[in-house]
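If you want the building blocks of each chain, they are given just below.
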Amino acid sequence: SIFTKMKYLKILSKQTDKNGSYAIFKDNKVSLLDKNPITNKAQQTGISFPINEIEKFLPPVDPPNIIALGLNYKEHAKESNMAIPNEPIIFLKSTSSITGHLQPIILPEQAPDEVDYEGELCIVIGKTAKNVSEKNAWKYVFGYTCGNDVTARDCQMKIDKQWARAKSFDTFCPIGPWIETEINPLDFKIQTRLNGKIMQNDSTKNMIFNIYQIINYLSKQMTLLPGTIIMTGTPPGIGFGKKPSIFLKENDIIEVEIENIGILKNKITGNKKNNI
């Protein structure tokens, strides 16, 4: 990456204001930044503290768009009984679905019964990209983070028969814990665990379209703005593909671990009605 090699995060603590602060994480310490490092030249403020003083992990990026790929691993296409695509299959998740590491994934009141996990590598775009070549795609990447493309399968497969609502409920896009800038994304392990049991276990080398092909393709269709999240597709092992299917239940713990990045961990909670 052309950017400084760091783990970037956004947090709430006693040392931040109520909206949280961007920070860097190094040697088990968090150092606060004065600005959003994705869109500004951020400086360290001089305030640092141990990681255990973090009160809340916020999403490490506030995306203008969340663009996601479907069926980007052959074995996942097979378990979904769908054809292997010739070009990337693109959909959007609502930006309001985003949440952070250690924050709850809420089973939605409208569709609580068939909520599924999809562990994914996420690209965070660092500067405006349009018609970018595969060769130069790396220059537009700020870094990478772990993501979970949470999906209400009954909405996706039976009720709506399309994907937008199923993947856009509040809290259905956990990302984090931080953005890692210092990695080569083409071959590392990705694993999803449900209550400690391994459900997905694969490598990014098995993607049908790799990171740079994805950026090339997407940037021809639409302008990729700084902070855009690209979810690169999930490997095989989704709950819907198991026999019998396994769906997320209240108090489940779901973890997405990506080699050289870290572990994104979320607990499943029931819907607490808050109608105004």
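This report concerns the structure included in the present document. The structure presented is a predicted model; accordingly, all values stated were derived computationally and were not measured. Every chain is numbered independently, its residues counted from 1 as its sequence is written. At least 70 in pLDDT is required for a residue's local features to be given in this predicted model, at least 80 for side-chain atom pairs to be given and counted, and no such filter applies to totals for whole chains, interfaces and linings, which use all residues. Side-chain calculation: all heavy atoms of the structure are included, whereas hydrogens and water are not.

Helix and strand assignments come from DSSP, with helices taken as H or I runs of at least 4 residues and strands as E runs of at least 2, each series counted from the N terminus. Of regular secondary structure, the protein chain possesses 3 helices and 19 strands. With the radius of gyration taken over C-alpha atoms, the globule rule is written as 2.2 Å times the number of residues to the power 0.38. At 18 Å, the protein chain has a C-alpha radius of gyration in line with the 19 Å of a compact globule built from 276 residues. The C-alpha extent of the protein chain, read off along each of the three principal axes, is 55 × 45 × 35 Å. Partly exposed describes any residue whose relative accessible area lies between the buried limit of under 20% and the exposed limit of over 50%, with all areas from a 1.4 Å probe on protein chains only and scaled to the type maximum. Relative to its full complement of 276 residues, the protein chain shows a buried share of 54%. A fraction of 72% describes how many contacts in the protein chain between residues 6 or more apart in sequence connect residues 24 or more apart. Calculation of accessible area relied on Shrake-Rupley with a 1.4 Å probe; when residues are assessed, cover is drawn exclusively from the protein chains displayed. Approximately 12600 Å² of the protein chain is accessible, and the part contributed by carbon and sulfur atoms is 48%. Whether two residues are in contact is decided by their heavy atoms: any pair within 4.5 Å suffices.

Turning to the side chain of Lys10, a few remarks are in order. The residue Lys10 is located in strand β1 (residues 7-12) in this model. Positive: Lys, Arg. Negative: Asp, Glu. His and the chain ends are not part of the count. The salt bridge definition used is simple: a Lys or Arg side-chain nitrogen within 4 Å of an Asp or Glu carboxyl oxygen. Within the buried core, Lys10 has no salt-bridge partner, and the shortest N-O distance to an opposite charge, that of Asp62, equals 6.2 Å.

Once that is clear, we can look at the pairing of strand β11 (residues 119-125). Two faces make up the sheet, and in a regular strand the side chains alternate between them. With 7 of 7 residues buried, β11 lies mostly within the body of the structure. In this structure, β11 lies alongside strand β12 (residues 141-148), joined through 7 bridges in antiparallel fashion. Paired with Leu121 across the bridge in β12 is Cys146. Paired strands, in this sense, are two strands between which DSSP finds at least two bridges. Sheet analysis places β11 next to strand β17 (residues 229-231), joined by 3 bridges and oriented antiparallel. The residue bridging Cys122 from the neighbouring strand is Met231, located in β17.

Counting residues in each nonpolar core, the largest one holds 39 residues, and the members touching the most others are Ile11, Tyr144, Ile215 and Ile230. Sorting elements by how many residues they give to this core places helix α3 (residues 211-221) first, with 6 residues. If sequence neighbours within four positions are ignored, Ile230 has contacts with Ile67, Leu69, Leu121, Cys122, Ile123, Ile125, Ile214, Ile215, Leu218 and Leu224. Think of a nonpolar core as a cluster: buried Ala, Val, Leu, Ile, Met, Phe, Trp, Tyr and Cys residues, connected wherever their side-chain atoms sit within 4.5 Å. Among the nonpolar cores identified, the runner-up in size contains 19 residues, and Tyr8, Ile24, Ile98 and Ile229 belong to it.

The subject of this paragraph is unusual backbone geometry. The step from Gly176 to Pro177 runs through a cis peptide bond, and the omega angle for that step is 0 degrees. Along the chain, the position of Pro177 falls in strand β14 (residues 173-180). Phi at Leu71 is positive, roughly 55 degrees, even though this residue is not glycine. Leu71 gets classed as buried once you look at its relative accessible area, which sits at 6%. With phi around 50 degrees, Asn195 is a residue other than glycine that occupies positive phi space. Relative to the helices and strands, Asn195 resides in the loop between β15 (189-194) and β16 (197-203).

Glancing now at the environment of Glu134. Topologically, Glu134 is positioned in the loop between β11 and β12. Remark: the alpha-carbon pair of Glu134 and Asn210, spanning 76 residues in sequence, is separated by 9.8 Å.

So, about the pattern of salt bridges. Using the criterion set out here, one finds 14 salt bridges in the structure. Glu75 is the salt-bridge partner of Lys78, the closest N and O atoms lying 3.2 Å from each other. In this pair, Lys78 and Glu75 are both assigned in helix α1 (residues 74-79), 3 residues apart and thus about one turn of the helix distant. What emerges from the salt-bridge pattern is a single network uniting Lys93, Asp116, Glu118, Asp149, Arg153 and Lys167.

Bear in mind that shape data such as this cannot, by itself, settle questions of function.
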